[in-house]
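# Examining the three-dimensional arrangement
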Amino acid sequence: MTRRGLLTTAAGAALLLGFGKVSAQESRPVWMPFDGFPPADSMAEGLQFLTPDEARTVGAIVERLIPADALSPSGKDAGCVDFIDRQLSGPYGVFSGQYREGPFQDGTPMQGDQSPLDARQRYRLGLAALDGWCRANAQAAFADLPEDRRDAILADLETGKITLDGIPAELFFEQVLANTMEGFFADPIHGGNKDMVSWRMLGFPGARYDYLDSLDIAGTPLRLDPIGLKGGPSWSADWVPPSAPARKG
């Protein structure tokens, strides 16, 4: 038998064996979330990188970047400090994966961030410099200042009206602002967005496996509790939303 004939015969036999095992699937397949690739859980106990004093200052900053209102709690209460701390303790803290060998020189605005400082260094230098500036000019640490004074200082950091030792004020402000927004809107598995407060505010349903339970609800706004990467009861094939009629068949 030629090689082609042998391969053709083997392929035909495999196809016939496959057909013999075909069966109708009348229900959802059995599936466990993240069977092969479980998500990393960033909710370790205690601070991972920030010192208690640094965490207090970060909390005082994020509390004003995202202040509490009628729609959501503050960035601090939403867990942004935990998010930032855990990000700094991991690969992101040293900008792992980025080219970090220089040369480092000022570029145009279109060229983006050209600083030699990684995220850990920016926080360590920036937080110490901010508290030092506040003690020298406002006679108190940043976290001990009233809200309106903190707002004014943050505005001056953003525009570079304040000079910090060791780090440009604008660079430090942009770093903390970006991480605060990330922590507020990221999946809670990363430490922030506690109780999915930002997702509830936006009406974002989260990491849902599918929407099969909602297909029979025509013309009705979906008001679904958000689900994070850890999963939730709606990932069960037998779960029926309280607001939805039971599915037929």
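To start, this report covers the structure provided alongside it. All residue numbers refer to position in the chain's written sequence, counted from 1. Thresholds applied to this predicted model are a pLDDT of at least 70 for local features of residues and 80 or more for the giving and counting of side-chain atom pairs; totals over whole chains, interfaces and linings are not thresholded and use all residues. Excluding hydrogens and water, the side-chain figures rest on all heavy atoms present in the structure.

Quick look at the side chain of S198 now. Mapped onto the elements, S198 comes out in helix α7 (residues 197–202). For S198, a relative accessible area of 0% gives the class buried. Pairing of N or O atoms within 3.5 Å defines a polar contact, subject to two protein rules: one partner must be a possible hydrogen donor and the other a possible acceptor, and residues neighboring in sequence count only if both atoms are side-chain atoms. In terms of polar contacts, S198 uses its side chain to reach the backbone carbonyl oxygen of F184, at 2.6 Å. By definition in these notes, contact holds between two residues if any of their heavy atoms fall within 4.5 Å. Look past the residues within four positions of S198 in its chain and what remains in contact with it is F184, F185 and N193. Helix and strand assignments follow DSSP, with helices taken as H or I runs no shorter than four residues and strands as E runs no shorter than two, numbered in order from the N terminus. For every residue, the accessible area obtained with a 1.4 Å probe (protein chains only) is divided by the maximum for its type, and the residue is called buried under 20%, exposed over 50%, and partly exposed between those limits.

Let's shift gears to the nonpolar core. Take the buried Ala, Val, Leu, Ile, Met, Phe, Trp, Tyr and Cys residues and link them wherever side-chain atoms come within 4.5 Å; each set so joined is a nonpolar core. Within the largest apolar cluster, 42 residues are counted, with the highest numbers of intra-cluster contacts made by I153, L157, L164 and F172. At the level of elements, α2 (52–65), α3 (80–89), α4 (119–138), α5 (147–159) and α6 (169–185) are the ones that each hand at least two residues to this core. Of the residues forming this core, the biggest block, eight residues, is contributed by α4. In this structure I153 touches L130, W133, C134, F142, L145 and I162, once residues within four positions along its chain are discounted.

So, on to α5. Expected helix span is computed as 1.5 Å times (number of residues minus one). For α5, spanning 13 residues, the distance from its first C-alpha to its last is 19 Å, which sits close to the expected 18 Å at 1.5 Å a residue. Where α5 is concerned, the buried positions are R150, I153, L154 and L157. End-on, the buried residues of α5 take up no more than an arc of 100 degrees, which puts them together on one face. Where α5 is buried, its residues meet α2, α4 and α6. Phi turns positive, to about 80 degrees, at G160, one or two residues after α5. By arc we mean the arc of the directions from the helix axis to the C-beta atoms, nothing more.

As a further point, take the pattern of salt bridges. In the sections that follow, a salt bridge refers to a side-chain nitrogen of Lys or Arg positioned within 4 Å of a carboxyl oxygen of Asp or Glu. According to the stated counting rule, one finds 11 salt bridges in the structure shown. Put simply, R124 and E54 hold a salt bridge, and the shortest N to O gap is 2.6 Å. In this pair, R124 sits in helix α4 while E54 sits in helix α2, placing the two residues 70 residues apart along the sequence. Ionic contacts of the salt-bridge type, sharing partners, join the residues D82, D85, R86 and K194 into one network.

Quick look at empty space enclosed by the protein now. Unoccupied space between atoms shows up once a probe the size of one water molecule is rolled over them. In the cavity and pocket records, a cavity denotes points on a 1 Å grid over the protein atoms alone where a 1.4 Å probe fits but cannot get out, a pocket denotes an open set with protein on both sides within 12 Å along at least 5 of 7 lines, and lining residues are residues with an atom within 4 Å of a point. Grid points are joined across faces, edges and corners, and a volume is the space filled by probe spheres set on the points. Counted under the stated rule, the structure contains two cavities of 30 Å³ or more. A volume near 40 Å³ is recorded for the second largest cavity. Taken together, I61, L65, L154, L157, F172, F173, V176 and L177 form the lining of the second largest cavity. Elements supplying a minimum of two residues to the lining of the second largest cavity: α2, α5 and α6. Of the residues forming the lining of the second largest cavity, the biggest block, four residues, is contributed by α6. Residue type decides the class: Asp, Glu, Lys and Arg count as charged, Ala, Val, Leu, Ile, Met, Phe, Trp, Tyr, Cys and Pro as nonpolar, and the leftover types, Gly among them, as polar. Classifying every residue of the lining of the second largest cavity gives eight nonpolar, no polar and no charged.

Worth remembering: the numbers are spatial, not functional.
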